[in-house]
Amino acid sequence: MKADMDMVFKALADPGRRLLLDRLRADNGQTLSELCEHLDMTRQAVTKHLKLLEKASLVVAIWRGREKLHYLNPVPIHQIADRWIGKFEQGRLRALAELKKQLEGDHG
């Protein structure tokens, strides 16, 4: 699990790879050529970034005939949110609920 999470963080650390993920989030299922059209990167750089994103399971490639389509896989990002952010949100939400209760007064 640690090695998988390390790969996800490494993949997300690069702004170029985050841009690729943003492009796939906006329009999922793009070919390499389609991704290259909207980026200021060489085809070789995009290919290199996609390979690392696939290795981190952030992107899944599926062949459709001769076309290789790239899809965003949100599961690793969800796991990060769940592990690193979710538990902090629960406490904050609990505190906000308690504050709301105090401000409204307990008239029950």
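Please refer to the structure higher up on the page.
The rules behind each value
Residues numbered from 1 in each chain as written. Predicted model: local features only at pLDDT ≥ 70, side-chain atom pairs only at ≥ 80, totals over all residues. Heavy atoms only, no water. Helix = DSSP H or I, 4+ residues; strand = E, 2+ residues; numbered from the N terminus. Rg over C-alpha atoms; globule rule 2.2 N^0.38 Å. Buried < 20%, exposed > 50% of the residue type's maximum accessible area, 1.4 Å probe, protein only. Contact = heavy atoms within 4.5 Å. Patch = residues over 30% accessible without salt bridge, like charges linked within 9 Å, V, L, I, M, F, W, Y side chains within 5 Å. Areas by Shrake-Rupley, 256 points an atom, 1.4 Å probe, with all protein chains shown as cover. Salt bridge = Lys/Arg side-chain N within 4 Å of Asp/Glu carboxyl O. Core = buried A, V, L, I, M, F, W, Y, C linked by side-chain atoms within 4.5 Å. Expected span 1.5 Å × (residues − 1). Arc of directions from axis to C-beta.

Another point: the overall build of the protein. Counting its secondary structure elements, the protein contains five helices and two strands. When the elements of the protein are put in sequence order from the N terminus, they spell out α-α-α-α-β-β-α. Computed over its C-alpha atoms, the radius of gyration of the protein comes to 20 Å, more than 25% above the 13 Å expected for a compact globule of 108 residues. Each principal axis of the C-alpha distribution contributes one length, and for the protein these read about 65 × 30 × 25 Å. Looking at the protein as a whole, 28% of its 108 residues are labelled buried. In the protein, the share of contacts with a sequence separation of at least 24, taken over all contacts with a separation of at least 6, comes to 51%.

The subject of this paragraph is a nonpolar patch on the surface. Side chains of Leu 93, Leu 96, Leu 99 and Leu 103 sit close together on the surface and give an oily, nonpolar patch of about 420 Å² of accessible area. Note on placement: Leu 96 falls in helix H5 (residues 75-104). Take Leu 96: its relative accessible area is 48%, and that puts it in the partly exposed class.

We now examine the side chain of His 70. Position of His 70 relative to the elements: it lies in strand E2 (residues 67-72). Beyond its immediate sequence surroundings of up to four residues, His 70 is in contact with Leu 24, Asn 28, Gly 29, Gln 30, Thr 31, Leu 32, Leu 35, Leu 50, Glu 54, Val 59, Val 60 and Ala 61.

A few words now on the nonpolar core. Across soluble globular proteins, nonpolar side chains have a tendency to be buried as a group. Leu 20, Val 46, Leu 50, Leu 53 and Leu 58 are the most contacted members of the largest nonpolar core, which has 20 residues in total. Elements with a minimum of two residues in this core: helix H1 (2-12), helix H2 (15-26), helix H3 (32-37) and helix H4 (43-55). Excluding residues within four positions of it along the chain, Leu 53 makes contact with Ala 11, Arg 17, Leu 20, Leu 21, Leu 58 and Val 59.

Here we come to H4. In an α-helix, one turn spans 3.6 residues; hence positions three or four apart end up facing the same way. Between its first and last C-alpha atoms H4 spans 18 Å; for 13 residues at 1.5 Å apiece the expected length is 18 Å, and the two agree. Within H4, the full set of buried residues consists of Val 46, His 49, Leu 50, Leu 52 and Leu 53. Buried residues of H4 fall within an arc of 165 degrees about the axis and therefore sit on the same side. Among the exposed residues of H4, those oriented more than 90 degrees off its buried face are Gln 44, Lys 48, Lys 51 and Lys 55.

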